[in-house]
Each structure stands twice: as structure tokens, then as C-alpha cells.
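# Coordinate analysis (summary)
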Amino acid sequence: MTGEDTAATDVVRSYARAKSRADVESAMRFCHPDVVFETIAFQAVASGSDEVARQNAAFLRTFPDYGVDLEYLVAAGDLVIGAGTVRATMRASLVGIKPTGRAFALPFACHWTVRGGLIVHERFFFDFHQMCEQLGLSTETAAGRFAAWRERTRAEAR
């Protein structure tokens, strides 16, 4: 790994550690002001540090013990790819879904683009169905709630 690759993976590790402490403010220090954050399982895209911080804060209120165990990070130029396990317990409502108090442990993969020492794009992948199953949620109902949330979010942005 080159020094540049090491710097990029260090940024991602620091960002992941901050999120695992539910410290959104610290996590956002590793992000560019124009960061784009995609959560593929939720079909959600947040753009800009304010929107990304709001979505992260809402997610971490729901899952206050959120944590990631990184199995690996590999950097190639601006791109950092990683995978591991994400764990969390649903303690509060998320997009109108009542908390179950149950936990999940899911494999995940993520792509980060790091430029100038800051994350400019994050693309986070995990299995929505497995998350719902482990949390004791109906996948169909949860998908409907996320669709309604996305529509409200778009309407508010207009």
C-alpha cells in the first residue's frame, strides 16, 4: 500500500470509529462538505454534510449501540473498499417503524471515495431483508415505510 492509500484507509477507519461511538460531529470531520452518502438497502441518498449528519444522527438515535467490525480495507487511488460486520439494537423509531428492542448482526460492504483527506462519497451495502428478519420486522411493511419516508424527504427538499 502506498502512503496515499494508507492515509485514505486511516480516514475511513477514523470515520468508522467515530460512527461506532455515535459521535456524528467527529465522524463528519472526516467528510467533505459536499459528501454524498448512499445507503443502498434503504434506497436512500443524502447529499451535503448537513443532510448526511441529520441522517446519521437519526440512524444512531434508533441504533445507539451501532458498531462496525472492519474485516478489511483496501485502497486503490481515491477508492477504499471495505467489508465486515455491522451490529446494532433497535431502541427508537426509524421512519415510523416502532422499535423492537431486537438486535442485528449483518455482513456489510462499503465503498468510500476519499479525496484530499476527506470522504466525498460513501456507498453502504447490507441485506435489508436480513436486517428486518433479525429485528422482527416485516420486510414489506418496512420497505413501505422507507418509501413513504423517501417521498416525504423529496417533498420537503422541493
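Here we summarise the structure given alongside this text. (Residues numbered from 1 in each chain as written. Predicted model: local features only at pLDDT ≥ 70, side-chain atom pairs only at ≥ 80, totals over all residues. Heavy atoms only, no water.)

What follows covers the pattern of salt bridges. Under the criterion given, the structure shown has 6 salt bridges. Here arginine 87 ties to aspartate 69 by a salt bridge, and the two come within 3.1 Å at their closest N and O atoms. One end of the pair, arginine 87, is in strand 4 (residues 79-89); the other, aspartate 69, is in strand 3 (residues 67-76), and 18 residues separate them in sequence. For arginine 87, a relative accessible area of 41% corresponds to the partly exposed category. Of the charged contacts in the structure, one is a salt bridge between glutamate 151 and arginine 154, with a shortest N-O distance of 3.4 Å. Placement of the pair is glutamate 151 and arginine 154 together in helix 5 (residues 139-157), with a separation of 3 residues, close to one helical turn. (Salt bridge = Lys/Arg side-chain N within 4 Å of Asp/Glu carboxyl O. Helix = DSSP H or I, 4+ residues; strand = E, 2+ residues; numbered from the N terminus. Buried < 20%, exposed > 50% of the residue type's maximum accessible area, 1.4 Å probe, protein only.)

Turning our eyes to something else, we now look at the pairing of strand 2 (residues 44-47). Residues Ala44 and Ala46 point to one face of strand 2 and are all buried, whereas Val45 and Ser47, pointing to the other face, are not buried. Here strand 1 (residues 31-39) pairs with strand 2 via 4 bridges, running antiparallel. By the bridge assignment for strand 2, valine 36 is matched with serine 47. Hairpin remark: strand 1 followed by strand 2, antiparallel, with 4 residues in the connecting loop; positive phi at glutamine 43, about 55°. (Pairing = 2+ DSSP bridges.)

With that settled, the discussion passes to helix 4 (residues 128-135). Within helix 4, the full set of buried residues consists of Phe128, Met131, Cys132 and Leu135. Projected down its long axis, helix 4 shows its buried positions confined to an angular sector of 95°, all on one face. Residues of helix 4 that are buried make contact with strand 5 (103-115), strand 6 (118-126) and helix 5. One side-chain oxygen at the N-terminal end of helix 4 lies 2.9 Å from the backbone nitrogen of histidine 129; it belongs to aspartate 127. Glycine 136 lies just past helix 4 and shows a positive phi near 75°. (Arc of directions from axis to C-beta. Contact = heavy atoms within 4.5 Å. Polar contact = N/O pair within 3.5 Å; in protein donor to acceptor, adjacent residues only side chain to side chain.)

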